[in-house]
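Reading the structure
Listed below are the residues making up each chain.
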Amino acid sequence: MACALLPALLTLLSAACTADGRSDGGPSGAPGAATPGEIVIASGRDVTGKGGIRQQLIDAWNERQEERRTGWTARLVELPGAADQQRSQLLGALQSGSAEYDVVNLDVTWVPEFAAAGVIRPLAKELLDRDMIDAVARTGRWKDDVVAVPFNSDVGLLYYRKDYLAKAGVKDPDLGGTVRTWDRLRSLVRTVDTADGLPDSYTKGWTTQLAPYEGRTVNAVEAFASVGAGGLVDAEGRYASDPDRIEDGLGELKDRTDGAYTLADATSSYEADTLDDFEAGRTAFLRHWPYAYRTLHQALPASRLGVAPLPGKAVLGGQNLAVSSGSPRAGAAADLIRFLTDKVSERCLLDAGFAATRRSAYTDANIECGARAPRSHPDPSTRVGTGTRAGTGTRADAGKDDDAGRGAGKGGGGSPGAARGERTSRMPLDGDGRPAYAARTLLPALEHAVQRPRTPLYGAFTGTFAARLGPLFGDGSEEPGSAAAGGSSACRRPATDAALAVCLDRALREALPPGG
């Protein structure tokens, strides 16, 4: 696949990158430029498989450098371990100088921490040009600087079973953008619950990722933001909420995860678990990331599967490319980033199942990847960054990261799934060869998405936040002061939402610096 893609990629990338005056894919020859050599890119696993789309784009850049005899090459280093381990390993390596990484692929939630630590350097502001989706572009900034460039994005989406809705008598089971509120979604769940002819496997209306990890944080932030309670930190990353607003957010989170509508297993589910439950027909609705579009269409035909924007607010995920402060090849590294994030590269990422960061990837018929993205059939048993429910003993620790594998971190986002052989994808395409849902569903979802709290202490935030929400999901009985409980202010199973709000407020005030 990589060899077949390279010639077309090289031709198209050359045309696209020179036509608008941007990089032609080669490092500039400015006076004082570094001696040509190898640029090392540190990232999480490329989950489109061995020789996947990220590696193909790097190979295309390398082929160009060879043709032009520039002396530059780029090499991808995939970091081992889960997201938190990758983050710690990468941050430690950059701070100590023990690893010669020139470009780092960061989860969007890590950008403030790495920028505040001084381990990534400011970049040219024009790297975030007008073609970049505004909400996505903001993930690359910290304070007044551009410090990273979005590589692939991510956003929460609502998947649903058209066949279940048809059996329930819904006149138009192709919901499109008609499910704008959670009240509407709950109404549809009640309608499906009373339908005749559903399979015996059907259990409950919808499912999502509520195990005590980043997936829970994402679901909670979406609920909080949907009722105006999402401003948990200020522009400096300092705590900026209060018990009243937290109580509003808790009320919304409780409503949308009520046991009358939500699969009971959701409280212990990671990404793979929810995909398995939805594919098995246990639910009619699923909150998931864009990579599920390709994955689910391998099991369900388009006549039975639909996707729509998530009601209320949806959270952004994804990965951004940054240049390490210690790199002696910073100029060439920035040019490589420009190549990997330009219009054609983003179209290639979209075709592969990622959420592209540029509007043109979704709207410009003249931009093509040159070949369809990897058509590998995802294997549920090898999905990266998806995890398994406690006690099943099958994919232990294989993905307690909500968009793990799509970079060096969790959060946020979607990976197209690991490969199990070269098969033709069953994913529907539009007339220009893009995923059929890309322009009408994915692009608007990205444009209206919200970020998780942006703070250099995001790890402390999400650990505290997810743990302190435990009483809502049956895992909040930790002893005060335990690590799992999120600090010394933890309290056992508060009797009311107000009490839980006070407890969560107190814990976040301990985890984050206070706002002004």
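Cut-offs used in this document
- Residues numbered from 1 in each chain as written.
- Predicted model: local features only at pLDDT ≥ 70, side-chain atom pairs only at ≥ 80, totals over all residues.
- Heavy atoms only, no water.
- Pairing = 2+ DSSP bridges.
- Helix = DSSP H or I, 4+ residues; strand = E, 2+ residues; numbered from the N terminus.
- Buried < 20%, exposed > 50% of the residue type's maximum accessible area, 1.4 Å probe, protein only.
- Core = buried A, V, L, I, M, F, W, Y, C linked by side-chain atoms within 4.5 Å.
- Contact = heavy atoms within 4.5 Å.
- Salt bridge = Lys/Arg side-chain N within 4 Å of Asp/Glu carboxyl O.
- Axes fitted to C-alpha atoms, helices over the stretch in contact; angles between N-to-C directions.
- pLDDT = per-residue confidence, 0-100.

1. Points about the sheet that holds strand S8 (residues 206–207)
- Strand order in the open sheet made by the 4 strands is S8-S9-S7-S10, with mixed pairing throughout. Strands at the two margins of the open sheet, each flanked by one partner only, are S8 and strand S10 (305–309).

2. Details of the pairing of strand S1 (residues 38–43)
- Of all 6 residues making up S1, 5 are buried, and the element is well covered by its neighbours.
- Note: S1 against strand S3 (residues 103–107), 2 bridges, orientation parallel. In the strand pairing of S3, Ala42 is matched with Val104.

3. Remarks on the nonpolar core
- Ranked by internal contacts, the top residues of the largest apolar core, which has 81 residues, are Tyr159, Phe285, Tyr362, Leu442, Leu446 and Phe465.
- Here Leu442 is in contact with Val155, Leu157, Pro290, Leu350, Ala355, Tyr362 and Tyr437, once residues within four sequence places are set aside.
- Membership of the second largest hydrophobic core comes to 35 residues, among which are Ile58, Ala74, Leu336 and Ile367.

4. A short note on the pattern of salt bridges
- Under the counting rule described, the total for this entry stands at 25 salt bridges.
- Arg186 is paired through a salt bridge with Asp183; the nearest N and O atoms lie 2.8 Å apart. Here the residue Arg186 and the residue Asp183 both occupy positions in helix H7 (residues 182–193), the gap between them amounting to 3 residues, near one helical turn.
- With a relative accessible area of 12%, Arg186 lands in the buried category.
- Residue classification places Asp183 among the exposed positions, given a relative accessible area of 53%.
- When the shortest N-O distance is used, the salt bridge between Asp505 and Arg509 registers 3.0 Å. Residue Asp505 and its partner Arg509 are located together in helix H17 (residues 497–511), separated by 4 residues, close to a single helical turn.
- By relative accessible area, which is 43% here, Arg509 ends up partly exposed.
- Several salt bridges converge on common partners, so that one network encompasses Asp129, Asp131 and Arg358.

5. With respect to helix H12 (residues 330–340)
- Among the 11 residues in H12, 10 count as buried, and that is most of the element.
- Those residues of H12 that fall on the buried side of the exposure criterion are Ala330, Ala332, Ala333, Ala334, Asp335, Leu336, Ile337, Arg338, Phe339 and Leu340.

6. Section: the sheet that holds strand S6 (residues 149–155)
- Taken together, 5 strands build an open sheet; the order of strands is S2-S1-S3-S11-S6 and the sheet is mixed. Single-partner strands in this sheet number two, and they are strand S2 (73–78) and S6. This sheet shows a mean twist of 20 degrees between the axes of neighbouring strands, independent of strand direction.
- Against the sheet, helix H2 (residues 53–68) touches S1, S2, S3, S6 and strand S11 (316–323), its axis set at about 160 degrees to S2.

7. Quick notes on the confidence of the model for the protein
- In this model, the protein carries a mean pLDDT of 84, and residues with pLDDT of at least 70 account for 79%.
- Throughout residues 1–23 the model reports pLDDT below 50, and contacts reaching past four residues in sequence, or to other chains, amount to 55 contacts.
- Below pLDDT 50 for its whole length, residues 477–489 participates in 25 contacts with residues either more than four positions away or in separate chains.

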